[in-house]
Amino acid sequence: MEHKRNGNGFLLKFSEELKIKIVMEEVMRPPMKKRWNFKRICVFCGSKPGSKSIFSDATVELGKQLVERNIDLVYGGGSKGLMGLISKTVFDGGCHVLGVIPKALMPYEISGTTIGDIKIVSSMHERKKEMEKQADAFIALPGGYGTMEEVLEIITWYQLGIHGKPVGVLNVDGYFNSLIELFNKGVEEGFIGDAERQIMVSAETPAELMKKMEEYVQVHDGAAYGLRWEEGRAGSIASGPGP
(Lines give C-alpha, C1' and ligand atoms only; values in the text may rest on other atoms or scores of the structure.)
Protein backbone atom coordinates (compact mmCIF):
# COMPACT_ATOMS: atom_id res chain seq x y z
CA MET A 1 0.00 0.00 0.00
CA GLU A 2 1.53 3.33 -1.04
CA HIS A 3 -0.17 5.79 1.35
CA LYS A 4 -0.98 5.58 5.05
CA ARG A 5 -2.39 8.08 7.63
CA ASN A 6 -0.88 8.25 11.10
CA GLY A 7 -2.82 8.94 14.30
CA ASN A 8 -2.65 12.71 13.83
CA GLY A 9 -4.22 12.49 10.39
CA PHE A 10 -1.11 13.50 8.50
CA LEU A 11 -0.64 11.89 5.11
CA LEU A 12 2.64 10.00 4.95
CA LYS A 13 4.36 8.84 1.81
CA PHE A 14 7.26 6.54 1.39
CA SER A 15 10.42 8.60 1.39
CA GLU A 16 11.81 9.32 -2.05
CA GLU A 17 15.25 8.99 -0.51
CA LEU A 18 14.35 5.49 0.68
CA LYS A 19 13.14 4.54 -2.77
CA ILE A 20 16.38 5.78 -4.33
CA LYS A 21 18.41 3.88 -1.74
CA ILE A 22 16.58 0.64 -2.52
CA VAL A 23 17.10 1.10 -6.26
CA MET A 24 20.79 1.89 -5.81
CA GLU A 25 21.29 -1.18 -3.63
CA GLU A 26 19.82 -3.31 -6.39
CA VAL A 27 22.04 -1.70 -9.02
CA MET A 28 25.23 -1.92 -6.96
CA ARG A 29 24.64 -5.45 -5.71
CA PRO A 30 27.37 -7.74 -7.11
CA PRO A 31 26.03 -10.13 -9.77
CA MET A 32 25.47 -13.71 -8.68
CA LYS A 33 28.38 -15.87 -9.69
CA LYS A 34 27.46 -18.18 -12.50
CA ARG A 35 29.20 -21.52 -12.73
CA TRP A 36 29.55 -22.37 -16.39
CA ASN A 37 28.70 -25.89 -17.50
CA PHE A 38 30.49 -26.37 -20.80
CA LYS A 39 29.47 -28.92 -23.41
CA ARG A 40 32.04 -27.98 -26.07
CA ILE A 41 35.22 -25.95 -25.80
CA CYS A 42 37.19 -24.65 -28.77
CA VAL A 43 40.96 -24.93 -28.40
CA PHE A 44 43.27 -22.79 -30.54
CA CYS A 45 46.79 -24.20 -30.75
CA GLY A 46 49.80 -24.76 -32.97
CA SER A 47 50.19 -27.23 -35.81
CA LYS A 48 53.75 -27.67 -34.51
CA PRO A 49 54.77 -29.23 -31.16
CA GLY A 50 57.10 -26.42 -30.13
CA SER A 51 60.67 -26.73 -28.92
CA LYS A 52 59.93 -27.86 -25.35
CA SER A 53 58.22 -31.03 -24.13
CA ILE A 54 56.32 -28.96 -21.56
CA PHE A 55 54.06 -27.65 -24.36
CA SER A 56 53.03 -31.19 -25.32
CA ASP A 57 52.64 -32.22 -21.69
CA ALA A 58 50.33 -29.28 -20.96
CA THR A 59 48.30 -30.03 -24.10
CA VAL A 60 47.73 -33.63 -23.06
CA GLU A 61 46.82 -32.53 -19.54
CA LEU A 62 44.29 -30.02 -20.88
CA GLY A 63 42.76 -32.79 -22.98
CA LYS A 64 42.44 -34.95 -19.87
CA GLN A 65 40.78 -32.08 -18.02
CA LEU A 66 38.18 -31.86 -20.79
CA VAL A 67 37.59 -35.61 -20.70
CA GLU A 68 37.17 -35.60 -16.91
CA ARG A 69 34.41 -33.02 -17.32
CA ASN A 70 32.88 -34.80 -20.33
CA ILE A 71 33.52 -31.74 -22.53
CA ASP A 72 33.70 -32.20 -26.30
CA LEU A 73 36.40 -30.53 -28.38
CA VAL A 74 36.22 -28.09 -31.27
CA TYR A 75 39.57 -27.35 -32.88
CA GLY A 76 41.36 -26.44 -36.10
CA GLY A 77 41.17 -29.89 -37.66
CA GLY A 78 44.88 -30.64 -38.03
CA SER A 79 46.55 -33.89 -36.99
CA LYS A 80 50.05 -32.45 -36.46
CA GLY A 81 51.67 -30.70 -33.50
CA LEU A 82 49.60 -29.62 -30.52
CA MET A 83 46.41 -29.86 -32.59
CA GLY A 84 47.01 -33.55 -33.12
CA LEU A 85 47.78 -34.11 -29.42
CA ILE A 86 44.71 -32.35 -28.04
CA SER A 87 42.35 -34.02 -30.51
CA LYS A 88 43.78 -37.52 -29.91
CA THR A 89 43.67 -37.13 -26.12
CA VAL A 90 40.04 -36.01 -26.11
CA PHE A 91 38.97 -38.56 -28.71
CA ASP A 92 40.72 -41.45 -26.95
CA GLY A 93 39.04 -40.33 -23.74
CA GLY A 94 35.62 -40.94 -25.27
CA CYS A 95 34.50 -37.38 -26.01
CA HIS A 96 33.43 -36.02 -29.38
CA VAL A 97 35.94 -34.14 -31.52
CA LEU A 98 35.05 -31.71 -34.31
CA GLY A 99 37.79 -30.27 -36.49
CA VAL A 100 37.14 -27.27 -38.72
CA ILE A 101 39.67 -26.71 -41.47
CA PRO A 102 39.87 -24.76 -44.74
CA LYS A 103 40.28 -27.00 -47.77
CA ALA A 104 43.50 -25.23 -48.77
CA LEU A 105 45.20 -26.17 -45.46
CA MET A 106 44.37 -29.86 -45.51
CA PRO A 107 47.62 -30.99 -47.23
CA TYR A 108 49.68 -29.00 -44.70
CA GLU A 109 47.91 -29.67 -41.39
CA ILE A 110 46.54 -33.20 -41.81
CA SER A 111 48.86 -36.17 -41.89
CA GLY A 112 47.53 -39.73 -41.97
CA THR A 113 44.13 -40.54 -40.46
CA THR A 114 41.93 -37.69 -39.29
CA ILE A 115 40.55 -37.72 -35.75
CA GLY A 116 36.83 -37.41 -35.05
CA ASP A 117 34.62 -35.44 -37.40
CA ILE A 118 36.08 -32.96 -39.86
CA LYS A 119 34.17 -30.04 -41.35
CA ILE A 120 35.82 -28.55 -44.44
CA VAL A 121 35.25 -24.84 -45.03
CA SER A 122 36.32 -22.43 -47.75
CA SER A 123 38.22 -19.75 -45.82
CA MET A 124 39.97 -18.84 -42.59
CA HIS A 125 37.13 -16.49 -41.63
CA GLU A 126 34.54 -19.22 -42.18
CA ARG A 127 36.66 -21.52 -40.02
CA LYS A 128 36.62 -19.09 -37.08
CA LYS A 129 32.93 -18.35 -37.53
CA GLU A 130 32.08 -22.05 -37.44
CA MET A 131 34.29 -22.70 -34.41
CA GLU A 132 32.64 -19.82 -32.55
CA LYS A 133 29.21 -21.17 -33.46
CA GLN A 134 29.99 -24.67 -32.22
CA ALA A 135 31.77 -23.84 -28.94
CA ASP A 136 30.68 -22.67 -25.48
CA ALA A 137 34.12 -21.25 -24.61
CA PHE A 138 37.62 -20.76 -26.02
CA ILE A 139 41.10 -21.71 -24.83
CA ALA A 140 44.39 -20.81 -26.49
CA LEU A 141 47.43 -23.03 -26.14
CA PRO A 142 50.87 -21.97 -27.39
CA GLY A 143 51.02 -21.56 -31.15
CA GLY A 144 52.17 -19.31 -33.95
CA TYR A 145 50.65 -16.42 -35.87
CA GLY A 146 47.44 -18.35 -36.60
CA THR A 147 46.82 -19.12 -32.94
CA MET A 148 47.54 -15.53 -31.94
CA GLU A 149 45.21 -14.19 -34.62
CA GLU A 150 42.42 -16.56 -33.59
CA VAL A 151 42.48 -15.70 -29.90
CA LEU A 152 42.76 -11.96 -30.60
CA GLU A 153 39.81 -12.03 -32.96
CA ILE A 154 37.67 -14.04 -30.55
CA ILE A 155 38.48 -11.47 -27.83
CA THR A 156 37.50 -8.68 -30.22
CA TRP A 157 34.24 -10.44 -31.05
CA TYR A 158 33.49 -10.54 -27.32
CA GLN A 159 34.28 -6.84 -27.00
CA LEU A 160 31.90 -6.06 -29.87
CA GLY A 161 29.09 -8.20 -28.45
CA ILE A 162 29.20 -10.89 -31.16
CA HIS A 163 29.43 -13.47 -28.39
CA GLY A 164 29.64 -13.53 -24.57
CA LYS A 165 31.54 -16.77 -24.03
CA PRO A 166 34.56 -17.27 -21.73
CA VAL A 167 38.03 -16.83 -23.26
CA GLY A 168 41.21 -18.13 -21.65
CA VAL A 169 44.86 -18.74 -22.42
CA LEU A 170 47.00 -21.52 -20.99
CA ASN A 171 50.20 -19.67 -20.21
CA VAL A 172 52.55 -22.65 -20.43
CA ASP A 173 56.07 -21.83 -19.24
CA GLY A 174 55.30 -18.11 -19.57
CA TYR A 175 54.63 -18.39 -23.32
CA PHE A 176 51.94 -15.69 -23.26
CA ASN A 177 53.70 -13.35 -20.81
CA SER A 178 54.52 -10.81 -23.51
CA LEU A 179 50.95 -10.84 -24.84
CA ILE A 180 49.55 -10.30 -21.34
CA GLU A 181 52.04 -7.46 -20.78
CA LEU A 182 50.95 -5.92 -24.09
CA PHE A 183 47.30 -5.97 -22.97
CA ASN A 184 48.25 -4.36 -19.66
CA LYS A 185 50.21 -1.71 -21.59
CA GLY A 186 47.10 -1.08 -23.67
CA VAL A 187 45.16 -0.36 -20.48
CA GLU A 188 47.93 1.87 -19.15
CA GLU A 189 48.04 3.90 -22.36
CA GLY A 190 44.26 4.25 -22.62
CA PHE A 191 43.58 1.97 -25.60
CA ILE A 192 41.97 -0.90 -23.67
CA GLY A 193 39.33 -0.32 -20.98
CA ASP A 194 39.70 -1.80 -17.51
CA ALA A 195 36.58 -3.95 -18.01
CA GLU A 196 37.67 -5.04 -21.49
CA ARG A 197 40.98 -6.22 -20.06
CA GLN A 198 38.99 -8.79 -18.07
CA ILE A 199 37.62 -10.49 -21.21
CA MET A 200 40.56 -12.89 -21.25
CA VAL A 201 41.64 -14.96 -18.25
CA SER A 202 44.91 -16.85 -17.98
CA ALA A 203 46.51 -19.55 -15.87
CA GLU A 204 49.70 -21.59 -15.84
CA THR A 205 48.11 -25.02 -15.43
CA PRO A 206 45.13 -26.69 -17.15
CA ALA A 207 43.37 -27.38 -13.83
CA GLU A 208 43.70 -23.76 -12.71
CA LEU A 209 42.52 -22.47 -16.09
CA MET A 210 39.46 -24.73 -16.14
CA LYS A 211 38.51 -23.49 -12.66
CA LYS A 212 38.79 -19.87 -13.83
CA MET A 213 36.77 -20.62 -16.95
CA GLU A 214 33.99 -22.27 -14.94
CA GLU A 215 33.86 -19.26 -12.61
CA TYR A 216 34.19 -16.72 -15.45
CA VAL A 217 32.32 -13.46 -14.81
CA GLN A 218 30.93 -11.87 -17.98
CA VAL A 219 32.27 -8.42 -18.77
CA HIS A 220 28.98 -7.58 -20.48
CA ASP A 221 25.84 -9.42 -21.54
CA GLY A 222 26.75 -9.76 -25.22
CA ALA A 223 25.21 -6.41 -26.18
CA ALA A 224 28.23 -4.13 -26.19
CA TYR A 225 27.68 -0.79 -27.90
CA GLY A 226 24.09 -1.86 -28.69
CA LEU A 227 25.25 -3.36 -31.97
CA ARG A 228 23.01 -5.71 -33.95
CA TRP A 229 25.15 -8.02 -36.02
CA GLU A 230 22.48 -10.11 -37.70
CA GLU A 231 20.17 -7.40 -39.01
CA GLY A 232 22.32 -5.44 -41.42
CA ARG A 233 22.03 -6.27 -45.13
CA ALA A 234 25.33 -7.47 -46.51
CA GLY A 235 26.72 -5.44 -49.38
CA SER A 236 24.84 -2.24 -48.60
CA ILE A 237 26.75 1.05 -48.69
CA ALA A 238 25.97 3.80 -46.23
CA SER A 239 25.86 7.23 -47.83
CA GLY A 240 27.71 10.05 -46.14
CA PRO A 241 26.37 13.57 -45.70
CA GLY A 242 25.92 15.66 -48.83
CA PRO A 243 28.10 18.66 -49.75
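Sequence positions are assigned chain by chain, starting from 1 and proceeding in written order. The predicted origin of the model limits local features to residues at a pLDDT of at least 70 and limits the giving and counting of side-chain atom pairs to 80 or more, whereas totals for whole chains, interfaces and linings rest on all residues. Only hydrogens and water are removed before side-chain values are computed, so all heavy atoms of the structure are retained for them.

Undergrad: Can you lay out the pattern of salt bridges for me, pointing to particular residues and giving the numbers?
TA: Any Lys or Arg side-chain nitrogen located within 4 Å of an Asp or Glu carboxyl oxygen qualifies as a salt bridge. The full count for this structure, using the stated rule, is twelve salt bridges. Of the charged contacts, one joins D173 and K52 as a salt bridge, the two residues approaching to 2.7 Å between their closest N and O atoms. Residue D173 is located in the loop between strand 8 (167–170) and helix 7 (177–188), and its partner K52 is located in the loop between strand 3 (40–44) and helix 2 (53–68); the two are separated by 121 residues in the primary sequence. Residue class for K52 comes out partly exposed when judged on its relative accessible area of 42%. Connected via shared salt-bridge partners are K128, E149 and E153. The helix count covers DSSP runs of H or I at least four residues long, the strand count covers runs of E at least two residues long, and both are numbered beginning at the N terminus. When accessible area is computed with a 1.4 Å probe and restricted to protein chains, residues below 20% of their type maximum are described as buried, those above 50% as exposed, and intermediate ones as partly exposed.

Undergrad: How would you summarise helix 9 (residues 206–214) if you had to cite specific residues and measurements?
TA: Restricting attention to buried positions, one finds in helix 9 the residues P206, L209, M210, M213 and E214. Along the axis of helix 9, the buried positions cluster into a sector of 135°, meaning they face one direction only. Contacts were defined at the residue level, with two residues in contact if any of their heavy atoms lie within 4.5 Å. Here the buried face of helix 9 lies against strand 3, helix 2, strand 7 (137–140), strand 8 and strand 9 (200–203). Within this analysis, the arc is defined by the directions that extend from the helix axis to the C-beta atoms.

Undergrad: Quick rundown of the packing of aromatic side chains? Include the residues and the values.
TA: Each Phe, Tyr or Trp ring (for Trp, its six-membered ring) is paired with any other whose centre lies within 6.5 Å, and the angle between the two planes then decides the class: stacked below 30 degrees, edge-to-face above 60, tilted in between. One pass over the full model with this rule turns up six aromatic pairs. Ring centres of W36 and F38 lie 6.0 Å apart, and the angle between their planes is 20°; this geometry places the pair in the stacked category. With a centroid separation of 5.8 Å and 80° between ring planes, the pair formed by F55 and Y175 is classed as edge-to-face. In this pair, F55 sits in helix 2 while Y175 sits in the loop between strand 8 and helix 7, placing the two residues 120 residues apart along the sequence. Residue F55 is classed as buried on the basis of its relative accessible area, which comes to 9%. Among the aromatic side chains, those forming a connected cluster through ring pairs are W36, F38, Y158 and Y216.

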